[in-house]
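Spelled out, the chains give:
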Amino acid sequence: MLFQDHRSHSICLYCLVGLLVLVLADCAGERPKPEPAPVGVAPPSAKRLREAISYYLGTNYKYGGASKDGVDCSGFVMKVYERAGMKVPRTSELQFESGEPIPKDALQYGDLVFFNKYCQSKYSHVKASIFSGWFSREAQPCHVGIYIGNGRFIHASASQGGVAISNLNQDAWKRSLIGVRRYLPDDS
């Protein structure tokens, strides 16, 4: 009976947190709202990651930022994982090098998705799109986000003013995706 009571309180808490996130996100303007956490049993690390992502919703973009006051893409990833109790390197390059490589068709919640969309080189998109595979060693990540399911990822975007949700199937993101890395442990 105690287990069932604890479980019902947890479900109520998740519902309350989800409602609060939706209300706060709505007040923040036209930033997309994440889908509520699925009902069912998720691994503890995924639950902690969802809570950490919720904490950073509405955070503004700040180049070099790694706090609730402002984050850049890799700072957002590092702080979300840190808040969820996991260590991830600070820069997108080190995050890309350190994570477990995952095939693009095996994406799971919490995987990091890497792009060269915002790289300084005006030809970087060519390396990752038209010739992907030929130049894979040259393709360096300069943008990173966290996959949240249903073909979507959350990231800190200067062009979108802060933490935002984007669709991986959007042409620009699809062409500039250069890799996926996994940091979430399989603690199911």
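About the cut-offs
- Residues numbered from 1 in each chain as written.
- Predicted model: local features only at pLDDT ≥ 70, side-chain atom pairs only at ≥ 80, totals over all residues.
- Heavy atoms only, no water.
- Core = buried A, V, L, I, M, F, W, Y, C linked by side-chain atoms within 4.5 Å.
- Buried < 20%, exposed > 50% of the residue type's maximum accessible area, 1.4 Å probe, protein only.
- Helix = DSSP H or I, 4+ residues; strand = E, 2+ residues; numbered from the N terminus.
- Contact = heavy atoms within 4.5 Å.
- Salt bridge = Lys/Arg side-chain N within 4 Å of Asp/Glu carboxyl O.

Engineer: Which residues make up the nonpolar core, and what are the values?
Structural biologist: Side chains that are nonpolar tend, in soluble globular proteins, to be buried together. Residues F76, Y81, L112, I146 and I154 are the most contacted members of the largest nonpolar core, which totals 28 residues. Mapped by element, the contributors of at least two residues to this core are α2 (44-56), α3 (73-83), β4 (112-115), β5 (143-149), β6 (152-157) and β7 (162-167). In terms of residue count, the dominant contributor to this core is α3 (five residues). With residues near it in sequence (within four places) discarded, I154 still touches I53, L57, F76, G145, I146, I148, V163, A164 and I165. Within the second largest apolar cluster, nine residues are counted, among which are F115, F153, L168 and W173.

Engineer: A description of the pattern of salt bridges should follow, citing residues and the corresponding values.
Structural biologist: Within the structure shown, the criterion is met by four salt bridges. One salt bridge connects E82 with K79, and the closest N-O pair in it is separated by 2.7 Å. Here E82 and its partner K79 are both found in helix α3, three residues apart, which amounts to about one turn of the helix. Under the relative-accessibility criterion, K79 is labelled buried at 17%.

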